[in-house]
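# Report on the structure
This is what each chain is made of:
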Amino acid sequence: MKTIAIAGLEKPVTNLIQGSDFFTHEVYDKVCSVLDNYLEIGGNTIDTAFIYRGGQSEETIGRWMTERNNRDQVVILTKGAHHNADGPRVTPQAIAADLKISLDRLQTSYTDLYALHRDDTNIPVKVIIDALNEHIQAGRILAIGASNWTHQRLQEANDYATANGLVGFSFSSPNLSLAKPNEPRWAGCVSADVLDCAWHEKTQLPLLSWSSQAGGFFTGNFAPDKLDNAEMVRVYYSAANWERLRRAAELAEQKGFSTIQISLAYVLNQKFPTAALIGAQNQVELESCVEGAQIELTEDEVHWLENI
């Protein structure tokens, strides 16, 4: 499996990152099967978050790592400081509280990658970067990043870090997919647009894409007259995306792959380092993702797929 480098980590990060938002204690046998298969096929990075399944995602990963005694083989990406019912909570206090609980659940003293799950532009980047650097210095975090931050805020934060001899963000995790959303899938979400991608190309900051396959838009399970999934209709149904789907299917036929594999290849063939968060739940889905990750697209093919 191909890898990318993230500043602050000695380990490389595989360009397919196993998602865990379906991990619960009730399906722990499935969790073990998914993670065992993922490592066996060459993956090494697992995505989770403080809020996933009320903490069960982190707990099951921690249980699995302890039982397998393989913490040193795995790159853990967890996220914290998500908003709650009371509103934004991107504060030093919330970061510290969430991180402590996450590490306890994961049964580890550190996380390789830590991302702020949302942003609060009312909080100065100085406050956030200073707080995260305290955790880096204490050994609780190896590398920091941000999920669902604009590239302008990322740049502001890293400018502050550079000017003050601190560690800045070494990765970003917005949505990036061939299907372009009509509106945010969830409140506070950020999807990388043309300007965001241009910034990533200029800075070469790695992008770890969530929902890299657009919620299954390219599986063949959706059509303009199939309206039973309100969220997919709201977010992805558009004339431009149906044309992107058609083009992906055309290119897939030419290359001998599936349409959804082409959509994954689009994410992994950008002009900057990328990795895709995948939701593979069995060996067949995982092998499909691995095959898709090996597809090489030319710059012209990427441009043709996305520009309608």
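The notes below deal with the structure included here. (Residues numbered from 1 in each chain as written. Predicted model: local features only at pLDDT ≥ 70, side-chain atom pairs only at ≥ 80, totals over all residues. Heavy atoms only, no water.)

This next bit is on the pairing of strand β5 (residues 75–80). Where burial is concerned, most of β5 is hidden: 6 out of the 6 residues are buried. By the alternation rule, side chains of β5 split into V75, L77 and K79 and I76, T78 and G80, which are all buried. Where strand β4 (residues 45–47) meets β5, 3 bridges bridge the pair, whose relative direction is parallel. Bridge pairing links I46 to I76 in β5. Taken together, β4, helix α2 (residues 56–68) and β5 constitute a β-α-β crossover, and its handedness is right-handed. Across 4 bridges, β5 lies against strand β6 (residues 111–116) in parallel orientation. If you follow L77 over to β6, its bridge partner there is L113. For the crossover from β5 across helix α3 (residues 92–106) to β6, the handedness is right-handed. (Buried < 20%, exposed > 50% of the residue type's maximum accessible area, 1.4 Å probe, protein only. Helix = DSSP H or I, 4+ residues; strand = E, 2+ residues; numbered from the N terminus. Pairing = 2+ DSSP bridges. Right-handed = clockwise from strand over helix to strand, strands pointing away.)

Within the largest apolar cluster, 40 residues are counted, with the highest numbers of intra-cluster contacts made by L16, F217 and F218. If you list the elements that add at least two residues to this core, you get α7 (230–236), α8 (239–255), α9 (259–268), β10 (274–278), α10 (283–293) and α11 (299–306). No other element matches the 7 residues that α9 contributes to this core. Setting aside residues up to four positions removed in sequence, L16 forms contacts with M1, Y38, T45, L264, L268, A276, I278, C289, V290 and A293. Counting 24 residues, the second-largest nonpolar core is a separate cluster that includes L103, I123, V125 and Y160. (Core = buried A, V, L, I, M, F, W, Y, C linked by side-chain atoms within 4.5 Å. Contact = heavy atoms within 4.5 Å.)

This part is about the packing of aromatic side chains. Here the structure, examined in full by the defined rule, presents 7 aromatic pairs. Between the aromatic rings of F217 and W242, the centroid separation amounts to 4.9 Å while the plane-to-plane angle is 35°, which identifies the pairing as tilted. Within this pair, whereas F217 is found in the loop between β9 (207–209) and α7, its partner W242 is found in helix α8, the two being separated by 25 residues in sequence. Looking at F217, the relative accessible area reads 0%, which means it is buried. Ring geometry for Y237 against W242: centres 4.8 Å apart, planes inclined by 70°, an arrangement best described as edge-to-face. Between the NZ or CZ atom of R63 and the centre of the ring of Y28, over which it lies, the distance is 3.6 Å. When the ring centre of Y110 is taken as reference, the NZ or CZ atom of R71 above it lies at 4.1 Å. (Phe/Tyr/Trp six-rings, centres within 6.5 Å; stacked < 30°, edge-to-face > 60°. Lys NZ or Arg CZ within 6 Å of the ring centre and 35° of its normal.)

Considering all chains together, one arrives at 19 salt bridges under this definition. With a closest N to O distance of 2.5 Å, K79 and D47 form a salt bridge. Taken together, the positions of K79 in strand β5 and D47 in strand β4 put the pair 32 residues apart, joining distant regions of the chain. D47 shares its class with K79; the two are buried. One salt bridge connects D104 with K100, and the closest N-O pair in it is separated by 3.2 Å. Linking D104 with K100, this pair stays in helix α3, spanning 4 residues, or about one helical turn. Assessed through its relative accessible area of 54%, K100 is described here as exposed. One salt-bridge network, in which partners are shared between bridges, spans D36, R63, E67 and R68. (Salt bridge = Lys/Arg side-chain N within 4 Å of Asp/Glu carboxyl O.)

Function cannot be read off these values alone, since they describe shape.
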